[in-house]
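So the chains spell out like this:
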Amino acid sequence: MRGRKKTYKILSFALLTAVVVTLCGAAFLSVKVALDTETHVVYQHVDARTIIDAAEKTAGKSGVIRKGRYYAVSGIIDTKNKNNKKLTLKAFSTTAKVISCSASDEEAANAISALNTGDKVTVYGKLDIDLLKKISLEIDHIEKTDIEAVNDSIYSMRTKLAMDIRDMPERELADGKVSYRIPKDWEAVEHDIVDEELGAMEGYQYKLNEIGRKSEYAESFFVCYFDTDSFVAENDRGNKKLIEEAILKDILKTDELKKFPARNVTTYYGAKYKYYQDTYRKLSGDKYQAEFVFQELDDGGILVYLYIYNTQHTKESARDEIMLTMRLAET
């Protein structure tokens, strides 16, 4: 990028991974990504009354409850149709309005068939609120529940990995312009990139395979803030794509990139992501994937996520924790 400031050692990629030495030359034929926000959805837990009240006030256009987002909604089955494809959900407390729910697939329909009116349930799905304030939810999953007091600070990946954000430590970047939360056990494997001289870009590395010494195979997740004022000449700051390509080349120590972005996504929670992927091998032959996610911020900076994992030995649980962390980031 002509005229840009020196960006040497934004991240010392080889040092941070401590495993990777050889770049694979094969191009990616698919845009499938590990950190897929549409496949690995994060649900916020709420009760039906909260959804109904929010729809009455805002029609889902503003406030805490937003149409197009995913929720785990608890309430009581009021009615269901004979083919088990639809039901209505009412609140635990008295209200005339209900939430219309429809099965997104046969698995959800089969789950509905085992339920009866009057059952207390939690419905996982995507929320919609139309102009007439009719509330609907497309059911991804449904299950019985004994809990009526629902805490909206709980987020989960369907029925697994439920976390209360009040128990998740918070981190800030760029003097508070970016904040995010991490699982509590990540604190033990957290490394400050600047303080530990791992690179010049502000942020943290999490060596996830070292949690409880669960694996010998490297698995790391990075959350970084790229300050364009510090690293890029003023005349070059307007072209984010060139800046992001320069970041990739600097970290990967290469002059040639594959297709960038490999994928563009506007997430259900509003963040816009650009993806880039590459594959690396150790001398032993173990293959690792490096997946970058760029999020351009209103202040001109760029939030950079990087996930490095072994394609054969990495457990899915770490990915789910990463999806929660990305979903809860605030900019």
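Summary of the structure given here. (Residues numbered from 1 in each chain as written. Predicted model: local features only at pLDDT ≥ 70, side-chain atom pairs only at ≥ 80, totals over all residues. Heavy atoms only, no water.)

### Remarks on the overall build of the protein
Regarding its fold elements, the protein presents 6 helices and 18 strands. Put simply, the protein has 331 residues, and 51% of those count as buried. For the protein, the proportion of contacts with a sequence separation of at least 24, taken over those separated by at least 6, is 60%. In the form shown here, the protein has an accessible surface area of approximately 16,000 Å², with 45% of it arising from carbon and sulfur atoms. (Helix = DSSP H or I, 4+ residues; strand = E, 2+ residues; numbered from the N terminus. Buried < 20%, exposed > 50% of the residue type's maximum accessible area, 1.4 Å probe, protein only. Contact = heavy atoms within 4.5 Å. Areas by Shrake-Rupley, 256 points an atom, 1.4 Å probe, with all protein chains shown as cover.)

### Comments concerning helix H3 (residues 106-113)
Each turn of an α-helix holds 3.6 residues, which means side chains three or four residues apart point in the same direction. Within H3, the full set of buried residues consists of Ala108, Ala109 and Ile112. For H3, the angular spread of buried residues about the axis comes to 100°, placing them on one side. Exposed and facing more than 90 degrees away from the buried side of H3 are Glu107 and Asn110. At its buried positions, H3 is contacted by strand E3 (70-80), strand E4 (86-90), strand E5 (99-103) and strand E7 (135-144). Two to three positions downstream of the cap, the backbone nitrogen of Glu107 sits 3.2 Å from a side-chain oxygen, assigning the N-cap of H3 to Asp105. (Arc of directions from axis to C-beta. Polar contact = N/O pair within 3.5 Å; in protein donor to acceptor, adjacent residues only side chain to side chain.)

### With respect to the pattern of salt bridges
Tallying each qualifying case throughout the model produces 20 salt bridges. Measuring nitrogen to oxygen at the nearest pair gives 3.5 Å for the salt bridge that ties Asp299 to Lys177. With Asp299 in the loop between strand E17 (287-296) and strand E18 (302-310) and Lys177 in the loop between strand E10 (170-173) and strand E11 (178-181), this pair connects stretches of sequence that are 122 residues apart. For Lys177, a relative accessible area of 47% puts it in the partly exposed group. For Glu244, the salt bridge is made with Lys274, and the minimal N-O distance between the two is 3.1 Å. Taken as a pair, Glu244 in helix H5 (residues 240-252) and Lys274 in strand E16 (residues 272-281) lie far apart in primary sequence, 30 residues in all. Lys274 carries the same exposure label as Glu244, and that label is buried. By sharing partners, the salt bridges in this structure join Arg171, Lys184, Glu187 and Glu190 into a single network. (Salt bridge = Lys/Arg side-chain N within 4 Å of Asp/Glu carboxyl O.)

### Quick notes on the layout of surface pockets
Considering only enclosed or pocket space, the largest pocket measures out at about 620 Å³ in volume. Around the largest pocket, the lining is made up of 28 residues, and of these Tyr269, Gln295, Ala329, Glu330 and Thr331 lie nearest the centre. Breaking the lining of the largest pocket down by element, the ones donating at least two residues are E11, E16, E17 and helix H6 (316-327). Sort the elements by how many residues they give to the lining of the largest pocket and E11 lands first, with 4 residues. Partitioning the lining of the largest pocket into residue classes produces 13 nonpolar, 5 polar and 10 charged. Both domains that meet at the lining of the largest pocket, namely domain 1 (43-164) and domain 2 (168-327), each give it at least three residues. (1 Å grid on protein atoms, 1.4 Å probe; cavity = no way out; pocket = protein on both sides within 12 Å on 5 of 7 lines; lining within 4 Å. Points joined across faces, edges and corners; volume = space filled by probe spheres on them. Nonpolar A, V, L, I, M, F, W, Y, C, P; charged D, E, K, R; others polar. Domains from an automatic or database assignment.)

### A word on the side chain of Thr279
Summarising the element assignment, Thr279 is placed in strand E16. Of the polar contacts made by the side chain of Thr279, one reaches the side chain of Gln289; its length is 3.0 Å.

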